[in-house]
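So the chains spell out like this:
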Amino acid sequence: MDLMQKLEILADAAKYDVACTSSGVQRSAQRGQLGSARAAGCCHSFTPDGRCISLLKVLMTNVCIYDCAYCANRRSNERERCTFTPRELADLTMEFYRRNYIEGLFLSSGVLRTPDYTTELMIRTLEILRFQYRFNGYIHAKTVPGTAPELIDRLASLADRLSVNLELPSQESLALLAPQKSRQDILSPMKRIAECSQASKEERALARRRTTVYAGHTNTACLKRRGYAPAGQSTQLIVGATPESDLHILNLTAALYRNVSLKRVFFSAYLPVNRDKRLPDTDAVQLDREHRLYQADWLLRFYRFDVTELIDDAHPFLETDIDPKANWALNHLDLFPVEVNTAPYETLLRVPGIGVRGAKLIVGARRTAMLRADDLRKLGIAYKRARYFLTCNGVWGGAGCTFSRESLHAKLASPIDGGAHGRRADRPIPGQLSLFGNDDEASASQTVGYTTGRSPRLGANGEAPASQAELGGKPAGQLRASPPLPSLPRSA
Ligand code: SF4
């Protein structure tokens, strides 16, 4: 099979993995090396100036000895199978990089022979990139459950970010749908990556204080300079394939952030690709639910919310018609409206329509002037939402409705027209990046929607984002126009 056929198969097979977004790692260009990694991130992500940057997202192989019920690449599915050699994949990555198509690599894989064998193939690929081509750009690698710890360490020393996909939210669901995987095989590497990454950061900080210089270009020096998975680790959870509630999923998410220092938990609405009696008998993809989970996740990480404030046993699923922050505000109307000119920063953060950046701007701007509604608009606040919960110099902006739960709920649940904020229901849902121009099948798959469909310029809960950090989730711009590929050289 030729290299382009392999690329087509293995890039398409990688589209189900959503656990990739901005890197968070900052590494400037190095003398004698190619590429750099920016804190702005990569992998179909957006920089603060709106630029889309992308990774080559591909599988090492779509051969798999496992038979996970939900997976298109499972052993029992009839499909064309292939595997890159490390040399082929490294060459391909460099060719794409040199043509300015990509800024890094997202490498995942099925399980070929054994988890260790598969990981060794991935390691070899990354070694060629890092040491032979001196590729200094961003690399995100997926670890295969059951891989030996020393191989995970080696992979972590070559990649910027690792992900270990939990996939299913409970042990029972894992046993039902992915019986060859154990929760222990997934959680152990997560713990190891968290501990080693922390130890590596402390060691490097100590080395910097001692003004230690890692001289030369030996492999060891390169590894020390890069550190152990410096962009941390992430995971992915499938939503809707099993009966776990949003409460269960958010509690698990919070525990993962707390206990294994995950950078991100990605949610992927279950997409039916197999007929299997263990799977839900529906073709519906719960994109709304996925979107609400991302918003709740945002509130946990950036807005100092606790899971118990968003959801409880009595209502174990998030509301679908309003976002979790607006729902919290409606449940606490006794705290609103707040005076924008005097409310503490923490209180402003709780106002629907005001994000982290907006709250900071308000606190800065009101030092020199009494803020009015127009000033808030100029600061980029989503005033159409925020006005129901604010007074500006004593004036409440919610004309046209009463300050009651029912009235405000109706206002917040209705679409907001135009402007820089609000939902964009008219936008097509973009999908997986296609490397192949004029590919009807790829175009068709884009309509399936692995993204929230949220505008890249909107943060969680419809607010203006604070920074790249708030431009995450599954960005709406995964689709980028892809020019036809020139012929690439066969592998050496
Ligand atoms: S191990 Fe991964 S690639 Fe293999 S069947 Fe399971 S989910 Fe699919």
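Residues numbered from 1 in each chain as written. Predicted model: local features only at pLDDT ≥ 70, side-chain atom pairs only at ≥ 80, totals over all residues.

(A) Examining the overall build of the protein chain more closely. Counting its regular elements, the protein chain contains 17 helices and eleven strands. Here the protein chain, with 492 residues, has 47% of them falling under the buried criterion. The long-range fraction of contacts in the protein chain, counting pairs at least 24 apart against all pairs at least 6 apart in sequence, stands at 71%. (Helix = DSSP H or I, 4+ residues; strand = E, 2+ residues; numbered from the N terminus. Buried ≥ 20, exposed ≤ 12 C-beta atoms within 10 Å, placed from the backbone. Contact = placed C-beta atoms within 7 Å.)

(B) Structural view of the sheet that holds strand S10 (residues 390-392). Pairing within the open sheet is mixed, and its three strands lie in the order S9-S10-S11. At either margin of the open sheet sits one strand with a lone partner, and together these are strand S9 (338-339) and strand S11 (395-396). Across two bridges, S9 lies against S10 in parallel orientation. Counted as the bridge partner of Glu339 is Thr391 from S10. (Pairing = 2+ DSSP bridges.)

(C) The site of the ligand, seen in detail. Close contacts around the ligand come from Cys64, Tyr66, Cys68, Cys71, Asn73, Arg74, Gly110, Val111 and Ala178, and that covers them all. The class makeup of the residues in the shell around the ligand is six nonpolar, two polar and one charged. (Near = placed C-beta within 6 Å. Nonpolar A, V, L, I, M, F, W, Y, C, P; charged D, E, K, R; others polar.)

(D) Focus on unusual backbone geometry. Cis peptide bonds are those with omega within 30 degrees of zero, and the linkage from Phe336 to Pro337 qualifies with -5°. We note that Arg134 has phi near 55°; this positive angle belongs to a residue other than glycine. In the Ramachandran plot, Ala229 falls in the positive-phi region, its phi being about 35° despite a non-glycine side chain. Relative to the helices and strands, Ala229 resides in the loop between helix H7 (219-226) and strand S7 (233-239). Taking the number of C-beta atoms within 10 Å as the measure of exposure, Ala229 has 28 and is therefore buried.

(E) Quick peek at helix H8 (residues 246-260). Look at H8: 20 Å from first C-alpha to last across 15 residues, which is about the 21 Å you get at 1.5 Å a residue. In the segment just after H8, Ser261 is the residue with positive phi, at about 50°. (Expected span 1.5 Å × (residues − 1).)

(F) Region of the structure containing the confidence of the model for the protein chain. Of the residues in the protein chain, 73% reach a pLDDT of 70 or more, and the chain-wide mean stands at 79. Confidence drops under pLDDT 50 across residues 45-51; counting only partners more than four residues distant or on other chains, this segment forms 19 contacts. Counted against residues more than four places away or in other chains, residues 418-460, with its pLDDT under 50, gives 106 contacts. (pLDDT = per-residue confidence, 0-100.)

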